[in-house]
Amino acid sequence: MNQKLSKGAYGGVSGKDYVPYVSKSSGLGGNITVLIIGILLSALFAASTAYSGMKAGLTVAAGIPGSILGSVFIAIFAKEKGILGKTLMQGMASGGESIASGMIFVLPAILLIGSKVTFLEGFVIGVGGALFGIGAASLVYNYLIVEEHGKLMYPESMAISETLVASEGAKDSLKFMGIGFGIGGFITILTSSFLNITNNVISFVNEPFYKWKFQLEVNPLLLGIGFIVGMQVSVTMFAGSILSNFAVTPLIGYFASLGSGGPAVWNNPAVSVNGMGVGDIAGSYVKYIGAGMMLSGGLIGAVKLIPTVIASIKVTMNARGKGSGGAGSSVETVILLSGIIVGFIGGFLVSGGNIAMALLGAVLSMVLSLMFVIVSGRLTGTIGTSNLPVSGMTIASIVIVTLLFVGLGWKSVDDNKALLLFGSFIVTAIAAAGGYCQSQKVSFIIGGSKNEMQKYFAIASVVGVVVVTCVILLLSDQLSMTGDNVAFALPQANLMATLTAGIMSGQLPWVMIICGIVMGIVLFLLGLPVMTVAIGFYLPISTTSIILIGALVRYFAEMYSKNEKEKEVKVSNGVSLSSGLVAGGSIIGLIGIVLQVTGIIKGTGPSGFANSNGMAFLLLIILVVATAIPIFKSEVKNVK
């Protein structure tokens, strides 16, 4: 067996002639041990992604950390399964993460419109979407994975495959993940997410004359996300926050202060317009400009996808017409049929006895899902799942379904809830398809079984649906909060709630929304990433500022590397440590919330110096130093 992937893994040979890393005669990678550990990994990454994604609006791909953890567990519990077992484990980790990164876009929006979601609704819709997405993507497996080998590069799949074969690096990667988990867990325990014994938000607010706000939340999972996404994304998001907090907020505050005896704020009758503070301006007006920016970003992204949609469907139909789609296996047929059946069951479950809504909603959801699943699989091969434009595809789908509902007179809150559940089906299918294609490409490169990966990924997806639904129900009280400085910003879910409820009721500050749309168009014409700026505009500056700090740690680690090899090692170890920060911060945070909800932890909150900006500054220094030292020192051991 080679110590690295062959050149053929990256192309130069046709897919049918490619010789995988492991010979086909090596058997399967799964057994009951691999399955149990894979289920645990899928649950871990689903919970972590749901928590961190709802907090920051960004998610972290699970393929590489999943392959690292899988390598360790295989070595301890199932050594005989080797790299094929590790391949299945990373696929299951990706399955849990993919489901979470899809469901959190839309499902929490039901809480934001003032409705409730039950476990049964979340489970049925999520499972239906996941199985439909996997089954539909399986139909084009031969075309996407085999025929396009070397043309569709699947960059993240190749990175995961390289990680799997570079087993000598797994110990270092695991060590750094462990350090990150420890740092993230320790600091989270001190904060309001757990024991609540120290302030972790640096805050400066100016109310008189020029109204502005700057805050920084000392949060290890957000710092980890910043390191992983890097400077370009972090600075772009922070630029959106500067525009929001230091330009638009003061401007609205200035004009509002000129009025006398003014009317009440449109969504808060207790506050007069000319008496608004920074928080009132941000929660009642600025956020709706941000929603308009995100809407324009999503629609622009959807329009830009039209050529890809047409090309993908044409090529796929041609491939299957020539018989190159491959004979469908019984596994993929069962999964796809299960997705369709569960999808229709979900339609009847959420429609409240409206048979027309159940049938039309289910059929339209599946048609839109099928179209975007093909696009999702193809785009994953080009840009990977981390950069998949799920927002654009989801917004386009939601707008189409919303227009259908409004046209048929379905405009009540219950109808809006049903609409959002159909949207949850669509986004889950899109996200599951991307993660599935990425995992199948890894399996193809390494030499695993297509059918085996299909079964294990489907199981992981169902586990992911259960975990994400439970996390959303657990956090429902906090997720339903709106306004400024909420615990979970939910940028995408807020957009879906704003969009659907606004179109249905007509009660929205449309001037703010339209201003945001125009600003988004201007950003597009300037060649800037509209959605990234818009999410930064929408998120609290406390979130984008700590994400920027994480990116700065990476920037300085790269800057002070003596050569490319040292830089590569520092970044690799930093990404592993940051994955640990995200996992530690989110999992320990979830545990803390469970303990608080059950009344096991009862705290009065910090007081004195522990409640001051000085304490938060001290905590920030501890976090940055504890994170930076292992990364900066890593070249001593790894670079010769």
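A few points on the structure. Bear in mind that the values here come from a model prediction, so they are computed numbers and not experimental data. (Residues numbered from 1 in each chain as written. Predicted model: local features only at pLDDT ≥ 70, side-chain atom pairs only at ≥ 80, totals over all residues. Heavy atoms only, no water.)

1. Looking at empty space enclosed by the protein
Piece 1. Taken as a whole and assessed by the stated rule, the structure comprises three cavities of 30 Å³ or more.
Piece 2. Roughly 50 Å³ of volume is contained in the second largest cavity.
Piece 3. In terms of lining residues, the second largest cavity is bounded by Ala291, Leu295, Leu495, Thr498, Leu499, Leu508, Trp510 and Ile513.
Piece 4. Breaking the lining of the second largest cavity down by element, the ones donating at least two residues are α10 (278-321), α17 (491-505) and α18 (510-525).
Piece 5. When residues in the lining of the second largest cavity are grouped by element, the largest group, three residues, is from α17.
Piece 6. Classifying every residue of the lining of the second largest cavity gives seven nonpolar, one polar and no charged. (1 Å grid on protein atoms, 1.4 Å probe; cavity = no way out; pocket = protein on both sides within 12 Å on 5 of 7 lines; lining within 4 Å. Points joined across faces, edges and corners; volume = space filled by probe spheres on them. Helix = DSSP H or I, 4+ residues; strand = E, 2+ residues; numbered from the N terminus. Nonpolar A, V, L, I, M, F, W, Y, C, P; charged D, E, K, R; others polar.)

2. Observations concerning a nonpolar patch on the surface
Piece 1. The grouping of Trp510, Ile514, Val518, Val522, Leu526 and Leu528 at the surface amounts to a nonpolar patch, some 550 Å² of accessible area in total.
Piece 2. Take Ile514: it is sitting in helix α18.
Piece 3. Under the relative-accessibility criterion, Ile514 is labelled partly exposed at 47%. (Patch = residues over 30% accessible without salt bridge, like charges linked within 9 Å, V, L, I, M, F, W, Y side chains within 5 Å. Areas by Shrake-Rupley, 256 points an atom, 1.4 Å probe, with all protein chains shown as cover. Salt bridge = Lys/Arg side-chain N within 4 Å of Asp/Glu carboxyl O. Buried < 20%, exposed > 50% of the residue type's maximum accessible area, 1.4 Å probe, protein only.)

3. Digging into the packing of aromatic side chains
Piece 1. Taken as a whole and assessed by the stated rule, the structure comprises 12 aromatic pairs.
Piece 2. Here Phe405 and Trp410 contribute two aromatic rings whose centre-to-centre distance is 5.2 Å and whose plane-to-plane angle is 85 degrees, an arrangement assigned as edge-to-face. For the pair formed by Phe405 and Trp410, the shared burial category is buried.
Piece 3. A network of ring pairs unites the aromatic residues Phe405, Trp410 and Phe422 as a single cluster.
Piece 4. Geometry around Phe488 places Lys55 over its ring, the cationic atom sitting 5.5 Å from the centre. (Phe/Tyr/Trp six-rings, centres within 6.5 Å; stacked < 30°, edge-to-face > 60°. Lys NZ or Arg CZ within 6 Å of the ring centre and 35° of its normal.)

4. Thoughts on unusual backbone geometry
Piece 1. Even without being a glycine, Tyr154 presents a positive backbone phi close to 45 degrees.
Piece 2. Position of Tyr154 relative to the elements: it lies in the loop between α6 (141-147) and α7 (155-165).
Piece 3. The backbone of Phe209 sits at a positive phi, close to 55 degrees, despite the residue not being glycine.

5. Details of the packing of helix α14 (residues 413-446) against α17
Piece 1. The geometry of α14 relative to α17 is characterised by a closest axis approach of 10 Å and an angle of 140 degrees between their N-to-C directions. By the angle between their axes, α14 is oblique relative to α17. Here α14 and α17 pass one another in a crossing that is right-handed. On α17, the residues touching Asp415, Asn416, Leu419 and Leu420 of α14 are Met496, Thr500, Ala501 and Met504.
Piece 2. For the contact of α14 with α17, the class distribution of residues is five nonpolar, two polar and one charged. (Axes fitted to C-alpha atoms, helices over the stretch in contact; angles between N-to-C directions. Parallel < 35°, antiparallel > 145°, perpendicular 65-115°, else oblique. Left-handed = near helix turned anticlockwise from the far one by under 90°. Contact = heavy atoms within 4.5 Å.)

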